[in-house]
Amino acid sequence: MNSFEYYNPTKIIFGKNQLSKLPQLINEFQAKKILLVYGGGSIEKTGLLNQIITQLSLFEIHLFKGVEANPEYRTLMKAVEVVREKQIDFILAVGGGSVIDGVKFISGASYFNGDPWEVLQRTTNKIFEKALPFGTILTLPATGSEANSGAVISRSEIKEKLAFGSALFFPKFSILDPTVVSTLPKRQIVNGIVDAYMHTLEQYLTFPSDNLLQEREAEGILLTLIEIAQGIIENPSDYRLASNLMYCANHALDGNLRCGVITDWSTHAIGHELTALFGIDHARSLAIIAPRLYEIKFENKKEKLEQYGKRIFQLSGENEEIAKKAIIKTEAFFNSLGISTNLNDYSEDVAFAPAVIRKRFEDRAWTKLGERQDLNPEEVELIVQKSIF
Ligand code: NZQ
Ligand code: ZN
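Numbering of residues starts from 1 in each chain and follows the order in which that chain's sequence is written. In the order they appear in the text, chains get letters beginning with A and ligands get numbers beginning with 1. At least 70 in pLDDT is required for a residue's local features to be given in this predicted model, at least 80 for side-chain atom pairs to be given and counted, and no such filter applies to totals for whole chains, interfaces and linings, which use all residues. To get the side-chain values, take all heavy atoms of the structure and skip hydrogens and water.

Engineer: Where do I start with the coordination of the zinc ion (ligand 2) in this structure?
Structural biologist: In an ideal tetrahedron of four donors about a metal, each angle is 109.5 degrees. In an ideal octahedron of six donors, the angles are 90 or 180 degrees. The rule for donors is simple: an N, O or S atom within 2.8 Å of the metal counts, and for Na, K and Ca the reach is 3.2 Å. Water is not among the atoms, so a site may look short of donors. Here the zinc ion (ligand 2) is held by the protein donor atoms D195 (OD), H199 (NE2), H268 (NE2) and H282 (NE2), which lie 2.0 to 2.1 Å from it. Each donor residue of the zinc ion (ligand 2) belongs to the same chain, with the gaps between them written as D-x3-H-x68-H-x13-H. Of this pair, D195 sits in helix 7 (residues 186-204) while H282 is found in helix 11 (residues 282-296), placing the two residues 87 residues apart along the sequence. Of the two residues, D195 and H282, neither departs from the other in class, the shared state being buried. In this description a helix means any DSSP run of H or I spanning at least four residues, a strand means any run of E spanning at least two, and both kinds are numbered starting from the N terminus. Think of it in three bands: residues with accessible area under 20% of the maximum for their type are buried, residues over 50% are exposed, and the middle band is partly exposed, with areas taken using a 1.4 Å probe on protein chains only.

Engineer: Can you walk me through the packing of aromatic side chains in this structure?
Structural biologist: Two measures describe an aromatic ring pair: the distance that separates the ring centres and the angle between the ring planes. Two rings from Phe, Tyr or Trp (for Trp, the six-membered ring) form a pair when their centres are within 6.5 Å of each other. A pair whose planes differ by under 30 degrees is stacked, one over 60 is edge-to-face, and the rest are tilted. Using the criterion set out here, one finds 18 aromatic pairs in the structure. On the basis of an interplanar angle of 80 degrees and a centroid distance of 5.9 Å, the ring pair of F14 and Y247 is categorised as edge-to-face. With a gap of 233 residues between them, F14 in strand 1 (residues 11-14) and Y247 in helix 9 (residues 239-252) connect regions that are remote in the sequence. Using a relative accessible area of 31% as the deciding quantity, one classes F14 as partly exposed. Overall, Y247 belongs to the partly exposed group, its relative accessible area being 44%. Here the aromatic rings of F105 and F128 are separated by 6.1 Å at their centres, their planes lie at 90 degrees, and the arrangement is edge-to-face. Separated by 23 residues along the polypeptide, F105 in helix 5 (residues 97-109) and F128 in the loop between helix 6 (117-121) and strand 5 (134-138) bring together distant segments of the chain.

Engineer: How should I be thinking about the nonpolar core in this particular structure?
Structural biologist: Proteins that are soluble and globular tend to have nonpolar side chains buried together. Remark: nonpolar core denotes a set of buried residues (Ala, Val, Leu, Ile, Met, Phe, Trp, Tyr, Cys) joined through side-chain atoms within 4.5 Å. Within the largest apolar cluster, 68 residues are counted, with the highest numbers of intra-cluster contacts made by I193, Y197, I270, Y308 and L343. Top contributing element to this core by residue count: helix 7, with nine residues. The criterion used for residue contact is that any of the two residues' heavy atoms lie within 4.5 Å. Among residues more than four places away in sequence, those in contact with I270 are I289, L293, I357, F361, L375, V380, I383 and V384. One finds F105, V119, I153 and F169 within the second-largest nonpolar core, a separate group that totals 35 residues.

Engineer: Explain the packing of helix 7 against helix 11 here, please?
Structural biologist: Pairs of packed helices are described in terms of their axes, by the angle between the two and the distance that separates them. Running from amino to carboxyl end, helix 7 crosses helix 11 at an angle of 40 degrees, the nearest separation of the two axes being 8 Å. When the axes of helix 7 and helix 11 are compared, the pair comes out oblique. The interaxial crossing formed by helix 7 with helix 11 has left-handed handedness. Here helix 7 contributes R187, V190, N191, V194, D195, M198, H199 and L201 to the contact with helix 11, which in turn contributes H282, A283, R284, L286, A287, A290 and Y294. Whenever a helix is involved, its axis is fitted only over the stretch in contact; in every case the axis is a line through C-alpha atoms, and angles between N-to-C directions fall within 0 to 180 degrees. Orientation is classified from the angle alone, with under 35 degrees giving roughly parallel, over 145 giving roughly antiparallel, 65 to 115 giving roughly perpendicular, and any other angle giving oblique. What makes a crossing left-handed is the near helix being turned counterclockwise from the far one by less than a right angle; a clockwise turn instead makes it right-handed.

Engineer: Just checking my understanding: could you explain the pattern of salt bridges for this structure?
Structural biologist: Side-chain pairs of opposite charge can arise where the charged atoms are in close proximity. The term salt bridge refers to a side-chain nitrogen of Lys or Arg lying within 4 Å of a carboxyl oxygen of Asp or Glu. Enumeration according to the criterion identifies 29 salt bridges in this entry. Between K310 and E306 there is a salt bridge, with its nearest N and O atoms 2.8 Å apart. Highlighted residues: K310 and E306, both in helix 12 (residues 298-313), separated by four residues, approximately one helical turn. Residue class for K310 comes out partly exposed when judged on its relative accessible area of 39%.

Engineer: Quick question: what am I supposed to make of the sheet that holds strand 5 here?
Structural biologist: Two modes of strand pairing occur in sheets, parallel and antiparallel, and in both the strands are linked by backbone hydrogen bonds. Spatial ordering of the open sheet is given by 1-8-5-4-2-3, a layout of six strands whose pairing is parallel. Only two strands of the sheet have a single partner each, and these edge strands are strand 1 and strand 3 (60-65). Here the average twist between neighbouring strands, direction ignored, is 15 degrees. Paired strands are those between which DSSP finds at least two bridges. One ladder, built from four bridges, connects strand 1 with strand 8 (residues 173-176); its direction is parallel.

Engineer: How do you make sense of empty space enclosed by the protein when you look at a structure like this?
Structural biologist: Empty space among the atoms becomes apparent when a probe as large as a water molecule is rolled across them. A cavity here means a set of points on a 1 Å grid, drawn over the protein atoms and nothing else, where a 1.4 Å probe fits but cannot get out; a pocket is an open set with protein on both sides within 12 Å along at least five of seven lines, and a residue lines either one if it has an atom within 4 Å of a point. Grid points are joined across faces, edges and corners, and a volume is the space filled by probe spheres set on the points. Inspection of every chain in the model, using the stated rule, returns two cavities of 30 Å³ or more. Every residue along the wall of the largest cavity is listed here: D264, S266, L293, K297, N300, K301, G370, E371, R372, D374 and L375. Of the residues belonging to the lining of the largest cavity, the class tally is two nonpolar, three polar and six charged. For the second largest cavity, the calculated volume is near 30 Å³. Every residue along the wall of the second largest cavity is listed here: Q203, Y204, Q214, E215, A218, L257 and V261. Put simply, the parts of the chain that give the lining of the second largest cavity at least two residues each are helix 7 and helix 8 (212-234). Of all the elements, helix 8 adds the most residues to the lining of the second largest cavity, at three residues. Each residue receives one of three labels: charged for Asp, Glu, Lys and Arg, nonpolar for Ala, Val, Leu, Ile, Met, Phe, Trp, Tyr, Cys and Pro, and polar for the others, Gly being one of them.

Engineer: Can you walk me through unusual backbone geometry in this structure?
Structural biologist: Excluding glycine, most residues fall at negative phi; most peptide bonds, likewise, are trans. Its identity is not glycine, yet Q30 carries a phi of approximately 50 degrees, on the positive side. For Q30, the position within the fold is in the loop between helix 1 (22-27) and strand 2 (33-38). Here the phi dihedral of R122 falls at roughly 60 degrees; this positive angle occurs in a residue that is not glycine. Note on placement: R122 falls in the loop between helix 6 and strand 5.

Engineer: Mind showing me how you'd approach the site of ligand 1 here?
Structural biologist: Any residue with at least one heavy atom within 4 Å of a molecule or strand is counted as near it. The environment of ligand 1 is formed by 32 residues, the closest being G40, S42, S98, D101 and K161. A distance of 2.7 Å is found between an oxygen atom of ligand 1 and a side-chain nitrogen or oxygen belonging to S42. Note that a nitrogen atom of ligand 1 is positioned 2.7 Å from one of the side-chain N or O atoms of D101. Working definition of accessibility: Shrake-Rupley area with a 1.4 Å probe, residue cover restricted to the visible protein chains. Out of a free accessible area of 960 Å², ligand 1 has 87% covered by protein chains. Contributing elements (two or more residues each) for the shell around ligand 1: helix 5, strand 6 (150-155), helix 7 and helix 10 (266-278). Considering only residue class, the shell around ligand 1 consists of ten nonpolar, 19 polar and three charged. Domain start and stop points were drawn from an automatic or database domain assignment. Residue contributions to the shell around ligand 1 reach at least three from each of two domains, namely domain 1 (11-176) and domain 2 (184-386). Whenever two N or O atoms come within 3.5 Å, that pair is a polar contact, provided that in protein one can donate a hydrogen and the other can accept it, and provided that, for residues adjacent in sequence, both atoms are side-chain atoms.

Written as structure tokens, this is what we have:
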């Protein structure tokens, strides 16, 4: 097993009826003024917002509503103004990956002198050096953002979507109550399943390894997601299924799977470009790119694809045949959830995308893609080209 360091300080509080712990969790940080950040209003409709406000009656609370799916820089900068003006000392994110990522950005940007977008662009050496403490209440199992220190922020006016992260951005705590799944639209449940599945594959479909436990952990998540997918889509109120979905999504990106593992993440890097250009849901961007990327990088990935095919889809036969069928099975799984893997189905004007995305990776010299760092801009163009059919 490769050497590794593992650090994850986020306290996870998992299960039903955990909100009464909120005041004590925040009190640990001697916070008085809280900015409660949320999305477009689902938590108003579900009643969660009122429940939280009731729990926080002894604190000074300021509400910041309106963080979009794929959180927008300009919106988050408005929240930064509120943090500074009201001298906020703790932020509470209530939502899915977008709200949580947005709060990570707000927490760092509030202490940053200058334009924090520079940190994400990496054109200068500037980094976030300090961050306000924040906690999260998760309402959508998908990204794992509630238990990691990364975030992705969008700027639709320049069609960019960029990531950042550092140990500053681990949430202090995250409350994970699986009953939130019951109000999710089917589209978001499907997104959650696919995002968690892809987080696992990004860390698994790389090199054959001696990390026997990490391999089986990854396979355990993939098999569980396949097992529960149709059931949770049909019955989001099923607590047994919802709790397993929530823990799969959490575990897929809380840092455990990558211990001693060389990871890929190129499907995510290319997928972000599709979201930036066409507004495609994050998980769907991954479903479009992954099968084509596995075909183009088949020589690199064929041994792990074979293991994946055997252990996840019980395929048998000749090795390369199994590896090829494993790609087909993966795409069929996404399609069975109602996700199209054809970029043509998401926008009328996609023909320009392959060349534009290639150019973006050419311009970003700091990006080294793939577990071997050998996925070049020409191959990126080909992958996007092949996703249009
Ligand atoms: O905004 P509201 O009204 O709350 O509605 C949201 C939103 O429209 C709705 N929703 C959330 N919880 C709900 C609910 N509706 C009803 N009931 C509930 N309980 O769902 C919609 C989508 O929410 P969003 O937060 O955008 O979805 P998701 O959790 O999939 O997050 C996607 C974002 O996370 C980033 C993605 O790039 C994307 O920007 N990611 C973050 C990662 C990380 N930090 O580790 C890793 C991922 O790979 C990903 O890149
Ligand atoms: Zn993802």
